[in-house]
Amino acid sequence: MNGNEIFELIAALLILLGSIISVISAIGIIRFNDVYTRAHAATKTTTLAVLITLVGTFIYVWLGEGFMSIRLILGIVFVFMTAPVSGHLVLRAAYRAKVKMADETLDDELKPVLEKKLQEGDS
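Residues numbered from 1 in each chain as written. Predicted model: local features only at pLDDT ≥ 70, side-chain atom pairs only at ≥ 80, totals over all residues. Heavy atoms only, no water.

A count of helices and strands for the protein chain gives 4 helices and 0 strands. Expected size for 123 residues packed as a compact globule is a radius of gyration near 14 Å; at 20 Å, the protein chain overshoots this value by more than 25%. Principal-axis analysis of the C-alpha atoms places the extent of the protein chain at approximately 70 × 30 × 15 Å. In the protein chain, 62% of the contacts between residues at least 6 apart in sequence involve partners at least 24 apart. Here the protein chain displays about 9,000 Å² of accessible surface, and carbon together with sulfur accounts for 69% of that area. The positive charge centre, built from 11 side chains, and the negative charge centre, built from 12, are 7 Å apart in the protein chain. (Helix = DSSP H or I, 4+ residues; strand = E, 2+ residues; numbered from the N terminus. Rg over C-alpha atoms; globule rule 2.2 N^0.38 Å. Contact = heavy atoms within 4.5 Å. Areas by Shrake-Rupley, 256 points an atom, 1.4 Å probe, with all protein chains shown as cover. Lys, Arg positive; Asp, Glu negative; His and termini not counted. Charge placed at Lys NZ, Arg CZ, Asp CG, Glu CD.)

Throughout the structure, instances matching the rule amount to 1 salt bridge. A salt bridge links Asp103 to Lys100, with the shortest nitrogen-to-oxygen separation between them at 2.7 Å. Neither Asp103 nor Lys100 differs from the other in exposure class; each is exposed. (Salt bridge = Lys/Arg side-chain N within 4 Å of Asp/Glu carboxyl O. Buried < 20%, exposed > 50% of the residue type's maximum accessible area, 1.4 Å probe, protein only.)

Our next topic: the nonpolar core. Counting residues in hydrophobic clusters, the biggest one holds 7 residues: Leu51, Leu54, Phe58, Val61, Leu72, Ile76 and Val79. The set of elements that each furnish at least two residues to this core consists of helix 2 (35–65) and helix 3 (70–96). (Core = buried A, V, L, I, M, F, W, Y, C linked by side-chain atoms within 4.5 Å.)

Turning next to the layout of surface pockets. Size it by volume and the largest pocket reaches roughly 480 Å³. If you trace the largest pocket, you find 22 residues lining it, with His88, Leu91, Arg92, Tyr95 and Leu110 closest to the centre. At the level of elements, helix 2, helix 3 and helix 4 (110–122) are the ones that each hand at least two residues to the lining of the largest pocket. The element best represented in the lining of the largest pocket is helix 3, accounting for 7 residues. (1 Å grid on protein atoms, 1.4 Å probe; cavity = no way out; pocket = protein on both sides within 12 Å on 5 of 7 lines; lining within 4 Å. Points joined across faces, edges and corners; volume = space filled by probe spheres on them.)

Relative orientation of the contacting elements helix 1 (residues 3–31) and helix 2 amounts to 165 degrees, with a least axis distance of 8 Å. When the interaxial angle is binned, helix 1 and helix 2 end up roughly antiparallel. For the element pair helix 1 and helix 2, the recorded crossing hand is left-handed. (Axes fitted to C-alpha atoms, helices over the stretch in contact; angles between N-to-C directions. Parallel < 35°, antiparallel > 145°, perpendicular 65-115°, else oblique. Left-handed = near helix turned anticlockwise from the far one by under 90°.)

In this section: helix 1. End to end, helix 1 covers 42 Å across 29 residues, agreeing with the expected 42 Å (1.5 Å per residue, within 8%). Within helix 1 the residues assigned to the buried category are Ala11, Gly18, Ile21, Ser25 and Gly28. Packing partners of the buried residues in helix 1 comprise helix 2. The opening residue of helix 1 is Asn2, an N-cap whose side-chain oxygen sits 3.0 Å from the backbone nitrogen of Glu5. (Expected span 1.5 Å × (residues − 1). Polar contact = N/O pair within 3.5 Å; in protein donor to acceptor, adjacent residues only side chain to side chain.)

See the structure below:
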């Protein structure tokens, strides 16, 4: 095996790993109980899966085809910056809309913080 074949194999393994993580994420979205845990599965693991897949594709294009793809770099940066923020905002909106948590949820750590802010705002 020469150098290019090794890098192509690494890129293929990264793409395969990203697709496996995507399937695990989809199973988590289906099986979890409430919007908060489903969004956790959707944002955390899917972000990781997309990033790994894009990095594998970038390695393949860079070392296999011989040029750097600025579109892939921008895609990696865009997903890395926007997916966690959008997931946070969706969950924040769900929490403020008083979407019920799962019965298995033991502690609501955000409730005292928001109540304190509301009391400070009223004074």
